[in-house]
Every structure is written in structure tokens, then in C-alpha cells.
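# Report on the structure
The residues making up each chain are set out below.
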Amino acid sequence: MRICVIGCGYVGLVTGACFAEIGHEVVCTDNDGQKITTLNDGGLPIYEPHLDEIVRQNVAEKRLSFSVNLAEAIRFGDAVFICVGTPPLPNGEADLSAIDNVARLIAVESRSPKLVVEKSTVPTQTGQHVKRALSIYGRKSGVEFTVASNPEFLREGTAVLDFLHPDRIVVGVDDRGSEEQLREVYRPITEQRFRCRVHNDSCPAQKPHFLVTSINSAELIKHACNSFLAVKISYANMVADMCEKLGADIDEVTQALGLDPRIGRHFLSPGLGFGGFCLPKDIQAFIRLGERAGVDVSLLKSAEAINKQRIESFCNKARQLLWVLKDKRIAVLGLAFKPNTDDIRFAPAIDLINRLLVEGAQIQAYDPEAMGKASAVLPSVRYCHDAYELTDGTDALIIATEWPEFKNLDWSSIRDRMLRPLVLDGRNLLDAAAMKALGFEYHSVGRETREGKTNEQPERTVHSREV
Ligand code: UGA
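A short tour of the structure in this document, coming up. (Residues numbered from 1 in each chain as written. Predicted model: local features only at pLDDT ≥ 70, side-chain atom pairs only at ≥ 80, totals over all residues. Heavy atoms only, no water.)

The next thing to look at is the overall build of the chain. Looking only at helices and strands, the chain has 17 helices and 14 strands in total. A compact globule built from 467 residues should have a C-alpha radius of gyration of about 23 Å, and the chain, at 24 Å, falls within 12% of that. Referenced to the eigenvectors of the C-alpha coordinate spread, the extents of the chain come out at roughly 75 × 50 × 45 Å. Here the chain holds 467 residues, and 53% of them are scored as buried. Considering only contacts in the chain between residues 6 or more positions apart, those separated by 24 or more positions represent 74%. (Helix = DSSP H or I, 4+ residues; strand = E, 2+ residues; numbered from the N terminus. Rg over C-alpha atoms; globule rule 2.2 N^0.38 Å. Buried < 20%, exposed > 50% of the residue type's maximum accessible area, 1.4 Å probe, protein only. Contact = heavy atoms within 4.5 Å.)

Structure below.
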């Protein structure tokens, strides 16, 4: 099929590249001309594992191209996927102005029938507004439009693999033609009929579910899913606080919780809370949507409040340990909102650093990918070449993002470089007993630190060389 993707952010770029990878002809467009220039010059505006390979290969094989000419891109596609941003407004609702703009442009520029697909995360009932905009602004051309919702569940850091090997594909439609078209778009994935060049062992072997729903349900599924994940993380954080106060160990507790198949082991890692451009804004938008509909959303509000409190209580811990923060040299390991990405939007690390800076601490930081983006918003931080330079002469080290490679650092050397070997592990990345044995003052989240205690955690296995 011929597909147009509007918006070259994390979702749009991955969607466009992966559609090309499974055999479609794709033109991606964006109103940010600089982004398109970067892509046409062979660069990528974001860091995302595997994305550079599949973009390069599909551009070379002429299935994927990038254009600043929106009208041409729209006319090229039989299906137009809207992947523009829906950032939060000051009141927490999603800003739908980009969706509205794009819908009107599609209406005006189209010359042949189009399936218009919302992939951006939008509040329920947005599809109805998109339909209305297409019919009002498209009345002169007389072009026929159908609308569908196809929420995306990819995670940053594993976006390409998530897209090519999803556990489910949700399509919200209100006509058989749109359903058929979307089945056709996804057939190589649903029938696993393409040769995946980036496949690895973590890709599920089974075929994904293809769920056909109403447009309203598809839109709601996306918000319900992200909000559920947010609630689950806040729940784990609340239980971690209880563990800390009552002398229990969150690793032991979540291991047992996770073994109950009704609960599951994912998204129970406590720490600095959830960040990024999806969970925080989506739970907020879902709250506003529910409030408008007259639904009691206090459950979601509590999850959001717990999350907002995470940084403050972590700062309190730092204050208790360091006494005065002013003039203390604090090393921050990790800036991205999670590992394997350079994305710092709503990253807990950035919020944390801002608070420490306000109190007069001297901050130096290191992240394998996110320092470029961080330096634009935190110019007063000193950025270091590696974790060793980072820790030289510091009073404390905070682990703010759990990049797996941080586990394998030479922690003895880090201890010797620090003025005071104090580690505050905001992601429970390291083994508490091993860190103490190395002579660190080590503090993490909700964990008992009994000597010699080893606990097998499925997601955070500790290897013998690691601490
Ligand atoms: C999230 C969802 O997981 C995706 O399914 C969804 O498609 C995406 O939003 C989106 O709406 O586009 P993402 O924002 O990439 O994906 O990040 P997550 O992996 O969900 O992590 C979000 C935050 O929660 C991170 O800051 C992470 O560190 C934190 N987290 C995650 C925890 O604190 N504990 C956990 O157990 C898991």
C-alpha cells in the first residue's frame, strides 16, 4: 500500500520506517523542515535502537522517503496516518490543535479517497471531530474520507521491535472498508510474513491479536492502557514506601506479587516515578476526560499525586543524608526518562536536578545518549565524558536512570574517586549488599539491606561481576 505518515516524532518515524520495512511504500512528512533535512541527509533527529538501520535500508531500497511538501505527501497515500504531537495544555487536557490542523489540510489537499488514521494518542471522541473537519473542509473537492483509530503501544527504547512484533493491534473503525484496508496494512505483521532484519530473542513468537473495535473504544483503550500502567507504578511506589517504613523489602514483595498471573511482574519497579512524554500526560488527559464526563477519577488522581511526590521524597532523603545541599557536589548518573533513549521530556532526572540546583548543589551529570538534549534545558550542569570523570571528588552519586551498562561499572574505582562514597540509587539498579560490602553508604528505594541477601529478580538479575 501507499502510506503517508504525518509527523516525524518517535511514533511517526518508527511507524513510517516499520511500514516500509514490511513492504509498503511510505512518505513521511513534518512541518519541521529541519527534521526533514536531517532525515534526508541520512541523520536521525532521535536516538532509538535499530531505527537508523531500518531507515537507512528502506530509503536505499526506495520504499521510504521524507518530504517537506505536505500536499504531495498526502496525495501520495491511500492511507494517511496522523502521528502529530498532542502535548498537555496548562489545564492537563490534550492540545488537539495539531490534529485539527492536519485534518483540515488533508481535507483541502486530497484529490482521491483516503483512509485517515489517528495514531496519535487522543481523547475519546476525537475521531468524530476529525470526521467533521474532513467533511466540512473537503466539501469543495468532493473527495471521500473514512476515519479510523489505530493507537500505538510501542515503548521508547524498544520501539522498532514493539512495532514489528506487537502483542496486539487495535483498530477502531465504523465501516468494513476501513477494517479491510487496515488488515491489509498490517497483514505482513499479523501473518508474520516479512523477514525481520532486527529480530531478537525478546520478540514474541506468536502472532499478534488483531482487535477490531469502535473508534471511541480504540481511543479509550490507549488512555486506559497508559493510565493503568501509571497506576501500577504508583502502586509499587506506595508499597515501596511502606516497605521502607516497616522494615520489609520491595524486591521480595514485588517478586511474589509478580508471580501471581493476575498481577504480572512488569511495571512494578519502584523509584523516582514515571516520566516521559506519554504516561504523565496521558493520565492527566484521562483524568480531565473522565471529569468532563462526570466520572469519579480519584483513583487516577491518587496515582498522579503519588508520582509527583516521588522526587520530593527523594530530595528529602538526600537532604537527610547530606545535611546541607548548598555547595555539595552531586553526581547524577542518567538523565533520560528511561534507559535506551535520549528523550528527557518529563524525565524525573531533570526535575530532580532542578530541585537540587535551587538548593545550591553543584550538579555534574552523565548519560550515554541524553546529554545533548539535557544541556539545552540544564545549561548550568557540568556534563562528563563517563561515569568515572562524573564521580571524581563528589559528595554523593544519584542513579536516576537504570541504563544496564551502569551495573558493570568498576564500582571500587568509583568509590575511590568520590569524596564521600554515598550512593542514592533512585532506580534500585544495584545490589544493596554488594554495594555495602564495597564500602559504600548505599541507599535505594524500599529495600532492606541485609548483608549477603541475594534475591533473584526476573527483570533485574544481578550477575556475579556486577553489583
Ligand atoms: C509508554 C507505554 O509503556 C507504551 O505502551 C505506550 O505506547 C507509550 O507510553 C506511548 O503512549 O507512546 P514509554 O513512554 O516509552 O511507553 O515508557 P514506559 O516504558 O512506559 O516507561 C514510562 C516511565 O515509567 C519511565 O520513566 C520508566 O522509568 C517508569 N517506570 C516504568 C517505572 O518507574 N517503573 C516501572 O516498573 C516501569
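Our focus in this paragraph is the nonpolar core. Core analysis: the biggest nonpolar cluster contains 54 residues, and Leu333, Leu356 and Trp411 have the highest contact counts within it. Here the element with the most residues in this core is helix 12 (residues 298-322); it accounts for six residues. What Leu356 contacts, discounting residues up to four positions off in sequence, is Cys315, Leu325, Ile330, Ala361, Ile363 and Ile398. Of all hydrophobic cores here, the second largest spans 45 residues; its members include Val5, Ile36, Phe66 and Leu182. (Core = buried A, V, L, I, M, F, W, Y, C linked by side-chain atoms within 4.5 Å.)

Another aspect to go through is the layout of surface pockets. By volume, the second largest pocket is sized at about 580 Å³. If you go around the second largest pocket, you meet 27 residues; those closest to its centre are Leu96, Pro123, Thr124, Thr126 and Leu289. Where the lining of the second largest pocket is concerned, the elements lending two or more residues are helix 5 (97-109), helix 6 (126-137), helix 9 (215-246) and helix 11 (279-292). For the lining of the second largest pocket, the element with the most residues is helix 11, which contributes six residues. Here the residues of the lining of the second largest pocket sort into 16 nonpolar, six polar and five charged. (1 Å grid on protein atoms, 1.4 Å probe; cavity = no way out; pocket = protein on both sides within 12 Å on 5 of 7 lines; lining within 4 Å. Points joined across faces, edges and corners; volume = space filled by probe spheres on them. Nonpolar A, V, L, I, M, F, W, Y, C, P; charged D, E, K, R; others polar.)

Attention shifts here to the state of the cysteines. A full pass over the atoms with the stated rule returns zero disulfides. Between Cys8, a free cysteine, and Cys28, which holds the nearest cysteine sulfur, the sulfur-to-sulfur gap is 4.8 Å. (Disulfide = S-S within 2.5 Å.)

Quick look at the side chain of Asn150 now. Position of Asn150 among the secondary structure elements: in the loop between strand 6 (145-149) and helix 7 (159-164). One polar contact links the side chain of Asn150 to the main-chain carbonyl oxygen of Val170, over a distance of 2.9 Å. With residues near it in sequence (within four places) discarded, Asn150 still touches Phe81, Val117, Glu118, Lys119, Ile169, Val170, Val171 and Tyr186. (Polar contact = N/O pair within 3.5 Å; in protein donor to acceptor, adjacent residues only side chain to side chain.)

For the structure shown, the criterion picks out two cavities of 30 Å³ or more. Empty space within the largest cavity amounts to approximately 40 Å³. Here the element with the most residues in the lining of the largest cavity is helix 11; it accounts for three residues. Class assignment for the residues of the lining of the largest cavity results in four nonpolar, four polar and three charged. If you count residues domain by domain, the lining of the largest cavity takes at least three from each of domain 1 (2-213) and domain 2 (249-443). Its volume calculated, the second largest cavity comes out at about 40 Å³. Forming the walls of the second largest cavity are Glu118, Ser120, Thr121, Val122, Ser149, Pro151, Ala218, Glu219 and Lys222. No other element matches helix 9, which puts three residues into the lining of the second largest cavity. (Domains from an automatic or database assignment.)

Here we take up the site of the ligand. Inspection of the region around the ligand gives 21 residues, with Leu154, Glu156, Lys222, Asn226 and Ser269 positioned closest. Note that an oxygen atom of the ligand is positioned 2.8 Å from one of the backbone N or O atoms of Ser269. Compared with its free state, where it exposes 710 Å², the ligand has 92% of that area covered by protein. Mapped by element, the contributors of at least two residues to the shell around the ligand are helix 9 and helix 11. Sorting elements by how many residues they give to the shell around the ligand places helix 9 first, with four residues. (Near = heavy atom within 4 Å. Areas by Shrake-Rupley, 256 points an atom, 1.4 Å probe, with all protein chains shown as cover.)

Moving on, we get to the environment of Gly426. Looking at the element boundaries, Gly426 is found in the loop between strand 13 (422-425) and helix 17 (432-437). Since its relative accessible area comes to 0%, Gly426 is described here as buried. Residues Gly426 and Ala331, 95 residues apart in the sequence, show an inter-C-alpha distance of 13 Å. Once residues within four sequence positions are removed from consideration, Gly426 is found in contact with Pro270, Gly271, Leu272, Phe314, Ile399 and Val445.

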